[in-house]
Amino acid sequence: MSADASPARPVVWSIAGSDSGGGAGLAADQRMADAFGLHLCPVVACVTAQSSVAVTRVEPLPAELIEAQLLALEGDMPPAAIKTGLLGGAAQVEVVARWVDRLRARGPVALVVDPVLRSSTGAGFADAATLRAYRELLLPRATALTPNRREAVALLGDGDDQAAAAAPALGRALRDGFNVRSVCITGGDSLQDGALALDWLATPNAQGWLALPRLSTRHTHGTGCSFATALACALALGFVEADAAVLAKMATTQALRHGAAAGQGAGPVRAQPGFGLDRSLLPRLSWGEAAEFGALAAAADAPRRLDLYGIVDSAALARRTLDAGVRTLQLRIKTPAAPDAAWQARLADEMRDTIAACREAGAELFVNDHWQLARELGAEGVHLGQEDLSALGAEGRRALRASGLRLGISTHSLWELCRAATLSPRYLACGPVWPTLTKAMPWRPQGLDNLAWWCAMAPAPVVAIGGMLEAAQFEVAARCGADGLCAVRVLGAEPARAVPGLEGAIRQGREAAPLSPPALPHASLAREG
């Protein structure tokens, strides 16, 4: 494909303020969009005279001049996402709201609102009329809102109740009170969080604390702008808000690492490409309001590779699969709609026989779903999905961790990956790699690109699963770096016929040149609107 024929990069509009010191505002937004490889259209809403130590003047542009910039862009470079920063006044907010409606009449456009109400040097940017315009016009249209805690309190009215509220309560109040789809209350400036930089995330898909180690640096100018623009860039690439926040956390933390002085005061953060392949930047996401994250470092090397991973539904098939040479199994017996005592007894018998067979063969077994019974019968490992883990509640997850069972966890998206990592899993399953008919899913196929990215970035061994029906698929999945490769239907009733070819394909894949991961994964769940 020639350069002229290459696909156009998504376009992001940033409607924000200029910073004569080059630290925050549109300057920071441009650096972040470049780090994502997207095209940014910098629409000036407000001109500031500032340096690294002070803001000496703020001059909002007339609404008609903002309108002229948007008109010039509308036909040639329409946005996939819009990010707003410093707008300067109620009239400027009204222009943005009107244009969001105008653009959305033609197709989906994400809106990220960064409510820049005060500078990091202390200058105030929003009067009562501007705050009212935010509440009435921008917040109800926002795909995502990214205030820090002080800004969240101000948007809610700055009452005593809000001032004392924790971030989760502030997030609920903003979503419920103003119909904001998603909120991420950034906490990098909240020193009371100690060694961790915690952002409270509340979206339709996931809620919890995003966590990474706090960086000790004074060069933080433009952090909020950078985070909001990163979120807008990820939304422009098609990610849902929860996944977009993960990428924004990664990109902003990397920008903080590269912050440096430019004058006498706090220097600007400097976003750069490459954040998407730095495993140390992958955050953890709590399962709820309790800030519990497990170990933030990657797990120690596993005792053995999982290799060909057979998924069976009976002890008889488990024994035939073990006889064929497979040494990693999952017993997956799904619960019927109305399980009776007879079914419970059969489940226990199947589980007991499979545990014994695996123990005799020296194989590693993971029991799907029924973790308490598995523990009672002496199993050493279980596999659970995200919905099952969420349903356990905080106390149930603590009990699971305390049980000593090796834990395999399904992951389909970035936020699921970050959440699963808090439980110190034996492995993380990535799927579906190819389209699968074994279960109905909302997830898009991961493909080889996402599988390779998972293998490069996950803090535990990765198991490839989903739609793997031919030996060639096992070979190429092994080239991606998968530690385990799941065989379900391909095993058939007589695994001895299929296993040699599958194991040979895995060996060939591991001996071949590895497939390189992409700079960023692709979105695995369709975003609404």
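Residues numbered from 1 in each chain as written. Predicted model: local features only at pLDDT ≥ 70, side-chain atom pairs only at ≥ 80, totals over all residues. Heavy atoms only, no water.

Moving on, we come to the overall build of the protein. A tally of regular secondary structure across the protein gives 17 helices and 18 strands. Taking 529 residues into account, the globule formula puts the C-alpha radius of gyration at 24 Å, and the protein, at 25 Å, falls close to it. The C-alpha extent of the protein, read off along each of the three principal axes, is 75 × 60 × 45 Å. Counting only residues that meet the buried cut, the protein has 54% of its 529 residues in that class. (Helix = DSSP H or I, 4+ residues; strand = E, 2+ residues; numbered from the N terminus. Rg over C-alpha atoms; globule rule 2.2 N^0.38 Å. Buried < 20%, exposed > 50% of the residue type's maximum accessible area, 1.4 Å probe, protein only.)

Taken together, the ten strands give an open sheet; going across it, the order is β3-β2-β1-β4-β5-β6-β7-β8-β9-β10, and neighbouring strands pair in mixed fashion. With partners counted over all chains shown, the strands left at the sheet margins are β3 (55-60) and β10 (284-285), one partner each. In terms of strand pairing, strand β7 (residues 182-185) meets strand β8 (residues 196-202) through three bridges, oriented antiparallel. Within the sheet, the bridge partner assigned to V183 lies in β8 and is A202. Docked against the sheet, helix α8 (residues 223-236) engages β1 (11-19), β2 (39-50), β4 (81-84), β5 (110-113), β6 (144-145), β7 and β8, running at close to 170° with respect to β4. (Pairing = 2+ DSSP bridges. Contact = heavy atoms within 4.5 Å. Axes fitted to C-alpha atoms, helices over the stretch in contact; angles between N-to-C directions.)

Attention now goes to the nonpolar core. Within the largest apolar cluster, 110 residues are counted, with the highest numbers of intra-cluster contacts made by F36, L451 and F474. With ten residues, helix α9 (residues 241-257) is the largest single contributor of residues to this core. In this structure, L451 is in contact with C430, V433, V462, A464, A477 and C480, ignoring residues within four places of it in sequence. Core analysis: the second largest hydrophobic core is formed by 49 residues, W13, V95, F178 and V180 among them. (Core = buried A, V, L, I, M, F, W, Y, C linked by side-chain atoms within 4.5 Å.)

The next subject is the packing of helix α2 (residues 63-74) against helix α3 (residues 90-104). It is the contact of α2 with α3, at a shortest axis distance of 9 Å, that shows an interaxial angle of 25°. Considered as vectors, α2 and α3 are oriented roughly parallel to each other. α2 and α3 meet at a crossing whose hand is right-handed. Along its contact with α2, which presents A63, I66, E67, L70, L71 and E74, the element α3 presents A91, Q92, V95, R98, W99 and R102. Grouping the amino acids of the contact of α2 with α3 by side-chain chemistry returns seven nonpolar, one polar and four charged. (Parallel < 35°, antiparallel > 145°, perpendicular 65-115°, else oblique. Left-handed = near helix turned anticlockwise from the far one by under 90°. Nonpolar A, V, L, I, M, F, W, Y, C, P; charged D, E, K, R; others polar.)

Quick look at the sheet that holds strand β17 (residues 462-464) now. Paired through backbone hydrogen bonds, the strands of a sheet run either parallel or antiparallel to each other. Pairing in this closed barrel of eight strands is parallel, and the strands run β11-β12-β13-β14-β15-β16-β17-β18 around the ring. Neighbouring strand axes in the sheet, compared pairwise and without regard to direction, differ in orientation by 25° on average. Bridging between strand β11 (residues 307-312) and strand β18 (residues 484-487) involves four bridges; their strand directions are parallel. From the neighbouring strand, G310 faces β18, where its bridge partner is A487.

Checked against the element boundaries, H370 lands in the loop between β13 (364-368) and α12 (371-376). Once you skip the residues sitting within four places of it in the chain, H370 turns out to touch I333, T335, W343, L347 and M351.

This part covers the packing of helix α5 (residues 149-156) against helix α7 (residues 167-178). When two helices pack together, their arrangement is given by the angle between the helix axes and the distance between those axes. With their axes 10 Å apart at the nearest point, α5 and α7 run at an angle of 40° to one another. Every pair of crossing elements has a handedness; the one defined by α5 and α7 is left-handed. Taking contact as the criterion, the partners of R149, A152, V153, L155 and L156 in α5 are, on α7, L170, A173, L174 and F178. The residue makeup of the contact of α5 with α7, split by class, is eight nonpolar, no polar and one charged.

Moving on, we come to the side chain of T253. Its place among the elements puts T253 in helix α9. Judged by relative accessible area, T253 falls into the buried class, the value being 9%. Sequence-distant contacts of T253, defined by excluding residues within four places in its chain, comprise L212, L215 and L281.

Right, let's get into the environment of L145. Within the secondary structure, L145 is located in strand β6. Sequence separation between L145 and E376 is 231 residues; the distance between their C-alpha atoms is 46 Å. Residue contacts for L145: discarding those within four places in its chain leaves V113, P115, L139, L155, L174, V180, S182, V183 and C184.

So, about helix α1 (residues 25-36). Here α1 spans 17 Å end to end across twelve residues, near enough to the 16 Å set by a 1.5 Å rise per residue. Counting buried positions along α1 yields nine of twelve residues, so the element is predominantly enclosed. Turning to α1, its buried residues number three or more, namely G25, L26, A28, D29, R31, M32, A33, A35 and F36. On its buried face, α1 sits against β1, β2, β4, α8 and α9. Phi turns positive one or two residues past the end of α1, at G37, with a value near 75°. (Expected span 1.5 Å × (residues − 1).)

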